[in-house]
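Listed below, chain by chain, are the residues.
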Amino acid sequence: DYSAATNTGDYSAATNTGDYSAATNTGDYSAATNTGDQSAATNTGDYSAAKVSGKESIAIVTGKGSKAAGALGDWIVLTERGEWNGYTYPIKEVKAFKVDGEKIKADTFYKLVDGEAVEA
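Residues numbered from 1 in each chain as written. Predicted model: local features only at pLDDT ≥ 70, side-chain atom pairs only at ≥ 80, totals over all residues. Heavy atoms only, no water.

Observations regarding the sheet that holds strand β7 (residues 58-61)
Either a parallel or an antiparallel arrangement is found when strands of a sheet pair, and the pairing is made through backbone hydrogen bonds. In space, the 6 strands of this open sheet follow the order β1-β3-β5-β7-β9-β10, with mixed pairing throughout. Bordering the open sheet on either side are β1 (4-7) and β10 (91-98), each of which pairs with just one other strand. When strand polarity is set aside, the average angle formed by the axes of neighbouring strands in this sheet is 5°. Where strand β3 (residues 22-25) and strand β5 (residues 40-43) come together, 4 bridges link them in parallel fashion. Of the residues in β5, the one forming a bridge with Asn-25 is Asn-43. (Pairing = 2+ DSSP bridges. Helix = DSSP H or I, 4+ residues; strand = E, 2+ residues; numbered from the N terminus. Axes fitted to C-alpha atoms, helices over the stretch in contact; angles between N-to-C directions.)

Rendered as structure tokens:
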């Protein structure tokens, strides 16, 4: 509980099972997962994933082509990025969605495409 798992390498994983904890990853093609209640999984790497399964938790992705998933009642935050401009993939839009079991299904990965959450 109250723990952190952090990873900065590509193709890596940061995983945490304690309540009130965080799993964070900055590498491309990586995963951040957290199963504790009131916890967070964040990923800033491109083509990466963040997943939470504890109550009142949040999964956040900010990288190009990344995806997030959560359990019923959790939140996911998705980022849509534009094409490479020679320096970065510019942010087009960021949106938060509650996993309600209807519009956003539990334990299903989503990406932000044209401002809408779509299954990944």
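Brief notes about the side chain of Ser-57
Position of Ser-57 among the secondary structure elements: in the loop between β6 (49-52) and β7. Residue Ser-57 is classed as buried on the basis of its relative accessible area, which comes to 2%. Among the polar contacts listed, one links the side chain of Ser-57 to the backbone oxygen of Gly-36, at a separation of 3.1 Å. Discounting chain neighbours no more than four positions away, the residues touching Ser-57 are Gly-36, Asp-37, Gln-38, Ser-39, Val-52, Asp-74 and Trp-75. (Buried < 20%, exposed > 50% of the residue type's maximum accessible area, 1.4 Å probe, protein only. Polar contact = N/O pair within 3.5 Å; in protein donor to acceptor, adjacent residues only side chain to side chain. Contact = heavy atoms within 4.5 Å.)

Considerations on the environment of Asn-34
Within the fold, Asn-34 resides in strand β4 (residues 31-34). The exposure class of Asn-34 is buried, given its relative accessible area of 1%. Here the alpha-carbon distance between Asn-34 and Gly-70, two residues 36 residues apart in the chain, equals 9.7 Å. Within the structure, the side chain of Asn-34 is placed 3.3 Å from the backbone oxygen of Ala-40, a separation counted as a polar contact.

Some words on the environment of Ser-53
Its place among the elements puts Ser-53 in the loop between β6 and β7. Apart from the residues lying within four places of it in its own chain, the contact partners of Ser-53 are Asn-34, Thr-35, Ala-71 and Asp-74.

Some remarks on the pattern of salt bridges
Scanning the entire structure with this criterion turns up 4 salt bridges. One salt bridge connects Lys-64 with Glu-83, and the closest N-O pair in it is separated by 3.5 Å. With a gap of 19 residues between them, Lys-64 in the loop between β7 and β8 (67-69) and Glu-83 in the loop between β9 (75-81) and β10 connect regions that are remote in the sequence. For Lys-64, a relative accessible area of 13% puts it in the buried group. (Salt bridge = Lys/Arg side-chain N within 4 Å of Asp/Glu carboxyl O.)

Topic: the environment of Tyr-11
Here Tyr-11 is to be found in the loop between β1 and β2 (13-16). Under the relative-accessibility criterion, Tyr-11 is labelled exposed at 63%. Once the C-alpha coordinates of Tyr-11 and Ser-48 are considered, the two residues, 37 residues apart in sequence, prove to be 8.5 Å apart. Among all residues touching Tyr-11, those that are not within four sequence positions of it are Asp-28, Tyr-29 and Ser-30.

Here we look at the side chain of Asn-25
Within the secondary structure, Asn-25 is located in strand β3. You can call Asn-25 buried: its relative accessible area is 0%. A distance of 3.0 Å separates a polar atom in the side chain of Asn-25 from the backbone nitrogen of Gly-27.

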